[in-house]
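# Summary of structural features
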Amino acid sequence: IPSIEIKAEKIKKLNVIVDFDYSKAIEGFKGKTVSIACRLEDSQISEMAVLCENDIYLFSFESFDFLAAIKNIFEYEDIKKQLHDIKPIVAILLKNNVEPVGIVCDTILASYLLNPNSPDYSIERLMQEYNPPKFELAENAPELAKESAEVSALSETLMKLIEEKEQTKLLNEIEIPLAIVLADMENCGFMADRDGIMEYNKEISARLDEITKEIYDTVGYEFNINSPKQLGSALFEKLALPHGKKTKSGYSTSAEVLESLKYEHPAVALILQYRTYSKLKSTYCDGLLKVIGEDGRIHSSFNQTETRTGRISSTEPNLQNIPVRTELGRELRRFFIAKDGCVLVDADYSQIELRILAHMAHVTNLIDAFNQGKDIHRHTAALVFGVKDEEVTPQMRSQAKAVNFGIIYGMSEFRLSKDIGMSISEARDFINKYFETYPEVKTYMDEVVETCKKQGYVSTLLNR
């Protein structure tokens, strides 16, 4: 992580102002950058401290038309705003029909871009880590006034680093606008069919009871199927199934172990079924029913600073983890519905990885093929096998598709040989022919590895 040292000529002395003409103060913010700290209570902003130049103005909910003041500050583009953790604040603003504009820094998002590995983006820890310019406040100054000063000091330091790392566009055009979208999504929520989930839950519960009885009948006695110790005893002592080494805690009954024993005894397949139904009931049916709001919608939280790669994660509940690979799991998806008069729309990128590869590696041949709307896998097969597009067989296209997608993720000749049913030497020749066809890909991949060795990380197109 790059670091810079900021030497202030003198410590900035700040004044806290409580009694002031609100409209005149807001007029004075125009054309300037302000640092804002908010106190949130009962899903509302109860107090706000706004630092402008050397003065901190304390706006209180009880003092005047607070919402009008908030609206005048947040909806005015020419007041540049710096905050710490904008998403919950934006969520409240949107609920009050305030459309925020002019946000130029979120100290959490900026520090996340600079160090995505950090476990903590609290303002206290950021102050310690970045040691921004010092400021001076009266000892009895309110905590919120101090926080607005910290936001100001941190923003100064973080934005210099963001600029140094060429991440200004990433912060201002991706992360900050995205936080506003996510806040809107959280407010909106996803409509769920409560009655449908309850009915499905009953079906799952009934099937669980049936499976439980079948397991007891097959094993020969009743035991706690959810207890690894009792399950291990039933499988490896009572039924004498093959097992690994016994540890102090007992036998392993992991999914991997049970899968390997699936054909050894009918009880094992039943236990795997039991676990599937049990997970569906506890995590999804019971879990989702608990979080459906009074409005009939599930309001998940979307986390912007959780992953190391910039991906969004979802919690309470995790709506990105609704099962889809099994028929049972897919059943759950039909309980996520659109309100009357609306439909759900599903969209996906077409061959996005290959398009990104073509752009980043400057693969002229691939770029031309995409621009001409060609079937990219057929086109690759024709080049690799040295035939015309119309002469490419389904098998040739299938092999080219496996390499097109596999090569991006470093697929080995051994893996390719298994995937497309050829010998390792044939797979090696195929990969070599692919790199001869698209030499820019090989050059790009080698350069990425070398860059990573030198600097310890790789970057995306927008310098994440």
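Structural data are supplied above this passage.
By convention here, each chain's residues receive numbers from 1 onward along its written sequence. Owing to the predicted nature of the model, reporting of local features is limited to residues with pLDDT of at least 70; listing and counting of side-chain atom pairs is limited to 80 or more, with chain, interface and lining totals taken over all residues. Values reported for side chains reflect all heavy atoms of the structure, with hydrogen atoms and water molecules removed beforehand.

Pairing between side chains of opposite charge can happen when their charged atoms approach one another. Here a salt bridge means any side-chain nitrogen of Lys or Arg lying within 4 Å of a carboxyl oxygen belonging to Asp or Glu. Under the counting rule described, the total for this entry stands at 22 salt bridges. The residue Glu-129 makes a salt bridge to Arg-125 at a minimum N-O spacing of 2.7 Å. Of this pair, Glu-129 and Arg-125 both sit in helix α5 (residues 123-130), four residues apart, which is roughly one turn of that helix. Of the charged contacts in the structure, one is a salt bridge between Asp-446 and Lys-442, with a shortest N-O distance of 3.0 Å. Taken as a pair, Asp-446 and Lys-442 lie in helix α19 (residues 439-455) at a separation of four residues, close to a single helical turn. Burial classes: relative accessible area under 20% of the type maximum marks a residue as buried, over 50% as exposed, and values in between as partly exposed (1.4 Å probe, protein chains only). For Asp-446, a relative accessible area of 38% gives the class partly exposed. The structure contains a network of salt bridges with shared partners spanning Asp-120, Arg-125 and Glu-129. Only DSSP runs of H or I with at least four residues qualify as helices, and only runs of E with at least two residues qualify as strands; both kinds are numbered from the N terminus onward.

With that out of the way, let us pick up the state of the cysteines. Here is the idea: a disulfide is a covalent bond, and it sits between the sulfur atoms of two cysteines. By disulfide we mean two sulfur atoms from cysteines, separated by a distance within 2.5 Å. Taken as a whole and judged by the stated rule, the model has zero disulfides. With no disulfide of its own, Cys-105 lies closest to Cys-38 among cysteine sulfurs, the gap being 14 Å.

Glancing now at the packing of helix α15 (residues 376-385) against helix α18 (residues 424-437). Angle between the axes and distance between the axes are the two parameters that describe a pair of packed helices. The interhelical angle for the contact between α15 and α18, taken along N-to-C directions, is 100 degrees, at an axis separation of 9 Å. Considering the angle they form, α15 stands roughly perpendicular to α18. On α18, the residues touching Thr-380, Leu-383, Val-384 and Phe-385 of α15 are Phe-430, Lys-433, Tyr-434 and Thr-437. Polar here means any residue outside two lists: the nonpolar Ala, Val, Leu, Ile, Met, Phe, Trp, Tyr, Cys and Pro, and the charged Asp, Glu, Lys and Arg; Gly therefore counts as polar. Tallied by class, residues from the contact of α15 with α18 come to five nonpolar, two polar and one charged. Interaxial angle, 0 to 180 degrees, is taken between N-to-C directions of lines fitted to C-alpha atoms, where a helix line uses only the stretch in contact. Orientation is classified from the angle alone, with under 35 degrees giving roughly parallel, over 145 giving roughly antiparallel, 65 to 115 giving roughly perpendicular, and any other angle giving oblique. The contact criterion used throughout is that any non-hydrogen atoms of two residues lie within 4.5 Å.

Turning next to the pairing of strand β5 (residues 55-60). Buried residues dominate β5, accounting for five of its six residues. DSSP-based pairing: two strands are paired if at least 2 bridges between them are found. Strand direction decides the pairing type here: strand β4 (residues 44-52) and β5, joined by six bridges, are antiparallel. Across the sheet, the residue bridging to Glu-47 is Ser-60, located in β5. Taken together, β4 and the strand that follows it, β5, pair antiparallel across an intervening segment of two residues, in which Glu-53 is found at a positive phi of about 60 degrees.

On to the sheet that holds strand β3 (residues 33-41), then. Strand order in the open sheet made by the six strands is β2-β5-β4-β3-β6-β7, with mixed pairing throughout. Strands at the two margins of the open sheet, each flanked by one partner only, are β2 (15-17) and β7 (103-106). Between one strand and the next, the sheet's axes are offset by a mean angle of 25 degrees, whatever the strand orientation. Set on the sheet, helix α2 (residues 66-74) makes contact with β3, β4, β5 and β6 (80-83); between it and β4 the angle comes to about 50 degrees.

A ring pair, where both rings are aromatic, is described by two values, the distance of the centres and the angle of the planes. Only centres within 6.5 Å qualify two rings of Phe, Tyr or Trp (six-membered ring in Trp) as a pair; their planes then separate them into stacked at under 30 degrees, edge-to-face at over 60, and tilted for everything else. Taken as a whole and assessed by the stated rule, the structure comprises 15 aromatic pairs. Residues Phe-20 and Tyr-22 carry aromatic rings whose centres are separated by 4.6 Å and whose planes lie at 70 degrees to one another, so their mutual orientation is edge-to-face. Like Tyr-22, Phe-20 is buried. Aromatic side chains Tyr-434 and Tyr-438 sit 5.2 Å apart centroid to centroid with 75 degrees between the ring planes, which places their arrangement in the edge-to-face category. You can call Tyr-434 buried: its relative accessible area is 0%. We count a charge as sitting over a ring when the NZ of a lysine or the CZ of an arginine lies within 6 Å of the ring centre and within 35 degrees of the ring normal. Here Lys-30 stacks its cationic end above the ring of Tyr-76, 4.5 Å away from the centre of that ring. One Lys or Arg, Lys-442, reaches over the ring of Phe-435 and ends 5.7 Å from the middle of that ring.

To continue, consider the side chain of His-377. Take His-377: it is sitting in helix α15. Looking at His-377, its side chain comes within polar contact range of the side chain of Asn-404, at 3.0 Å. When sequence neighbours within four positions are dropped, the list of residues in contact with His-377 reads Gln-351, Leu-354, Arg-397, Ala-400, Lys-401, Asn-404 and Phe-405. Two N or O atoms count as a polar contact when they lie within 3.5 Å, although within protein this holds only if one can serve as hydrogen donor and the other as acceptor, and sequence-adjacent residues are included solely when both atoms are side-chain atoms.

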